[in-house]
Amino acid sequence: MRSICIPTLSFSQIFTTSWRSAGEKKGNFIKNIPMNPIPSAFQVTPLEQDTYLVDGVLKKWTGTTTPVYSTISSTPNYQPTYLGSIPAMGEREAQEATNAAVNAYDRGQGLWPTMKVADRIQCMVKFVTQMQDTRAEVVKWLMWEIGKSLPDSEKEFDRTVAYIKETIENYKQMDRDAARFTKTDGVNAMVRRGPLGVVLCLGPYNYPLNETFQMLIPAILMGNTVIFKPAKHGVLCISPMLTAFQNSFPKGVVNIVYGRGREVASPIMQSGKVTVLALIGNSKSAIALQDQHPNKNRLRLILGLEAKNPAIILPDADLDLAIQECISGTLSFNGQRCTALKIIYVHESVREEFNRRFAAKVNSLTFGNPWEKGVMLTPLPEKDKPDYLQELIVDAESKGAQILNSKGGERTENYIFPAVVYPVNKNMRLYHEEQFGPVIPILSFTDIAEPLDDMAASNYGQQVSLFGRDIQAIAPLIDTLVNLVCRVNLNSLCQRGPDIYPFTGRKDSAVGTLSIHDALRSFSIRTFVASKDNAYNNAILQELLDSKSSNFINTDYIL
């Protein structure tokens, strides 16, 4: 098939009629963009994904397919770009993948869960080595499928590779620490971490590689078998790695299926054979899937869910720093991050200056295609997202809010320019809903109890950004905030990394903890062998150690 050569479209070609009244003065956020062809390195050939991985075999798919489109236009007159297709699987394929994972685990007797830690690590090393060869292709698909900028797409790939390598090293250290006997009250014991069973892994579209693999990799390493369904967007970026998954792990350890959640994930859960649900998405989806499991008491949850992370700007905050961090916090990847700043509280004494300068900074940001240099704002991957964000803006304006930046709310077919909305109140949808896109609500406060009370009443509790310098004010705030959220960012944006730190949340924002060390623990359970300290038992233990016949009872040191 031919490559798609897409010109960069001019303002007159991609700007659509504003939803505002004709008499209302607004600026144009895209002006005179030259008609330069896309660089050849970033051209793509449509990919018909007609294989899926089950039981160690890349099986041919001949059934119904679902087309995959990019919201980035391929013609001067806007229309989505066809990127390829994926299998539209159903209950039969879901059960096939489930049975493969169950058989590979074999009630804990399978090759993978009983394998030596060192051997499982070697399989993962083989995978990440092969994965690195797919970098250029994966990065290209990330740009086309979800509109992530070139630097951010490269960062996502490189960070994922680094995460896998660091996870391997952490697992080695975990095993070294466990490779010994301890004796307490006349009982000898060797305590290690063992697998849980079959894991259903459902990743998010905004980080279809990184956040998905931050669940998938530790789940596999710890000896579990996995069924993995890629996200609704960012699905083709997984395709270049299918062969690496097949080559690196025993059959049935990794099974990759495609389709809608209700058609594939639901029957997998209804089977009752899944031990762990690992999902990064929203709480409604998590609840719906849990409810379909016939034995919910046996189901372990590892969930990264929605958030409404606030920034709090205190009277003595360094506004230059606060504005820069809030720009990145609200608009990195167009605000499509669970860790994004989704609401800003500004003290009344600095409200006017902050709002003026922040709105001007937002107005100066550059929109363009992901591969263009210096671009921060890129097309939104969900075709209906601009309409949804527009609804939030209209609702806020009808209840007394204004858009502070002149470009705010302007539309193209695949974007809506970031709108700085003030003053927001609790009657507005924008106050309550996680917008997950480039609309920025601002509230002012006079008493710090106001944002604290709002956070305590919120359904979410992931992170907060606190901007200020007076330690007499900051100290008691920190002591309160750490009980409302799980990460307090002092004079910096909310974020996930570094990956060594715990990533979790309170209330509807998360279940379980994902970080390099914590994820290994989340996908495993402490298990041990114990024996009374007497000559008979000790002789048996010594023989087990000397013979190296047990993969569990050993004191091998993994280099």
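Heads up: the structure comes first, above all this text.
Procedures and definitions
- Residue indices follow the written sequence of each chain, beginning from 1 at its first position.
- Two thresholds apply to this predicted model, a pLDDT of at least 70 for residue-level local features and 80 or more for giving and counting side-chain atom pairs, whereas whole-chain, interface and lining totals are computed over all residues.
- Excluding hydrogens and water, the side-chain figures rest on all heavy atoms present in the structure.
- Strands are runs of DSSP state E lasting at least two residues, helices are runs of H or I lasting at least four, and both sets are numbered from the N terminus onward.
- For every residue, the accessible area obtained with a 1.4 Å probe (protein chains only) is divided by the maximum for its type, and the residue is called buried under 20%, exposed over 50%, and partly exposed between those limits.
- The contact definition used throughout considers only heavy atoms, calling two residues in contact when any of these lie within 4.5 Å.
- What makes a nonpolar core is a set of buried Ala, Val, Leu, Ile, Met, Phe, Trp, Tyr and Cys residues whose side-chain atoms join them at distances within 4.5 Å.
- Two strands make a pair as long as DSSP finds a minimum of two bridges between them.
- Axes here mean lines fitted to C-alpha atoms, for a helix over just the part in contact, with angles spanning 0 to 180 degrees between N-to-C directions.
- Working definition: roughly parallel below 35 degrees, roughly antiparallel above 145 degrees, roughly perpendicular at 65 to 115 degrees, and oblique for all remaining angles.
- Definitions for this section: a left-handed crossing has its near helix turned counterclockwise from the far helix by less than a right angle. A right-handed crossing has that turn clockwise.
- Residue classes follow a fixed rule: Ala, Val, Leu, Ile, Met, Phe, Trp, Tyr, Cys and Pro count as nonpolar, while Asp, Glu, Lys and Arg count as charged, and any other residue, Gly among them, counts as polar.

## Some details on the overall build of the chain
Okay, step 1: When helices and strands are tallied, the chain shows 18 helices and 25 strands.
Okay, step 2: In terms of overall dimensions, the chain has C-alpha extents of about 90 × 65 × 40 Å along its principal axes.
Okay, step 3: For the chain, the residues scored as buried account for 56% of the 559 residues in total.
Okay, step 4: Partitioning the intrachain contacts of the chain with sequence separation of at least 6 by distance along the chain shows that 74% fall at a separation of at least 24.

## Quick notes on the nonpolar core
Okay, step 1: Phe127, Phe213, Phe245, Phe249 and Leu277 are the most contacted members of the largest nonpolar core, which totals 102 residues.
Okay, step 2: No other element matches the eight residues that helix α6 (residues 150-178) contributes to this core.
Okay, step 3: In this structure, Phe127 is in contact with Ile164, Phe213, Ile217, Met241, Ala244, Phe245, Ser248 and Phe249, ignoring residues within four places of it in sequence.
Okay, step 4: Leu319, Ile403, Leu430 and Met455 belong to the second-largest nonpolar core, a separate cluster that totals 57 residues.

## A word on the sheet that holds strand β14 (residues 341-347)
Okay, step 1: Spatially, β15-β18-β19-β14-β13-β21-β22 is the arrangement adopted by the seven strands of the open sheet, whose pairing is mixed. The open sheet has two free edges, formed respectively by β15 (402-403) and β22 (487-490), since each of these has just one partner strand.
Okay, step 2: In the sheet, β15 pairs with strand β18 (residues 419-422) via two bridges, with the strands oriented antiparallel. Considered in β18, the bridge of Gln402 is made with Tyr422.
Okay, step 3: Along the sheet face, helix α11 (residues 319-331) touches β13 (309-313), β14, β19 (439-445) and β21 (463-467) and points at about 155° away from the line of β14.
Okay, step 4: Each of β13, β14, β18 and β19 is contacted by helix α12 (residues 348-363), which is oriented at about 140° to β14, the strand it contacts most.

## Topic: the environment of Glu96
Okay, step 1: For Glu96, the location among the structural elements is in helix α2 (residues 91-105).
Okay, step 2: Residues Glu96 and Asp55, 41 residues apart in the sequence, show an inter-C-alpha distance of 8.6 Å.
Okay, step 3: If we skip the residues at most four places from it in the chain, Glu96 touches Tyr52, Val54 and Lys59.

## Some thoughts on the packing of α11 against α12
Okay, step 1: Where α11 contacts α12, the axes come no closer than 10 Å and their chain directions differ by 50°. Relative to α12, α11 is oriented oblique. Of the two elements, α11 crosses α12, and the hand of that crossing is right-handed. Taking contact as the criterion, the partners of Leu319, Asp320, Ile323, Gln324, Cys326, Ile327, Thr330 and Leu331 in α11 are, on α12, Val350, Glu353, Phe354, Arg357, Phe358, Lys361 and Val362.
Okay, step 2: Looking at the contact of α11 with α12 residue by residue, the classes come out as nine nonpolar, two polar and four charged.

## Some thoughts on the packing of α6 against helix α7 (residues 210-221)
Okay, step 1: Between α6 and α7, whose axes approach to 10 Å, the crossing angle comes to 25°. Accordingly, the angle class assigned to the pair α6 and α7 is roughly parallel. Crossing of α6 against α7: the hand is right-handed. In contact with Glu156, Arg159, Thr160, Tyr163, Ile164, Thr167, Ile168 and Tyr171 of α6, α7 contributes Asn210, Phe213, Gln214, Ile217, Pro218 and Leu221.
Okay, step 2: Looking at the contact of α6 with α7 residue by residue, the class counts come to eight nonpolar, four polar and two charged.

## Some details on the sheet that holds strand β6 (residues 182-184)
Okay, step 1: With respect to topology, three strands assemble into an open sheet ordered β6-β7-β25, the strand pairing being antiparallel. Each having just a single partner strand, β6 and β25 (525-532) make up the two edges of the open sheet. Strand-to-strand twist across the sheet, computed as the mean angle between neighbouring axes with direction ignored, equals 35°.
Okay, step 2: As paired elements, strand β7 (residues 187-194) and β25 share eight bridges and run antiparallel to each other. Paired with Gly194 across the two strands is Ile525, which belongs to β25.
Okay, step 3: Running at roughly 130° to β25, helix α18 (residues 535-547) makes contact with β7 and β25 of the sheet.

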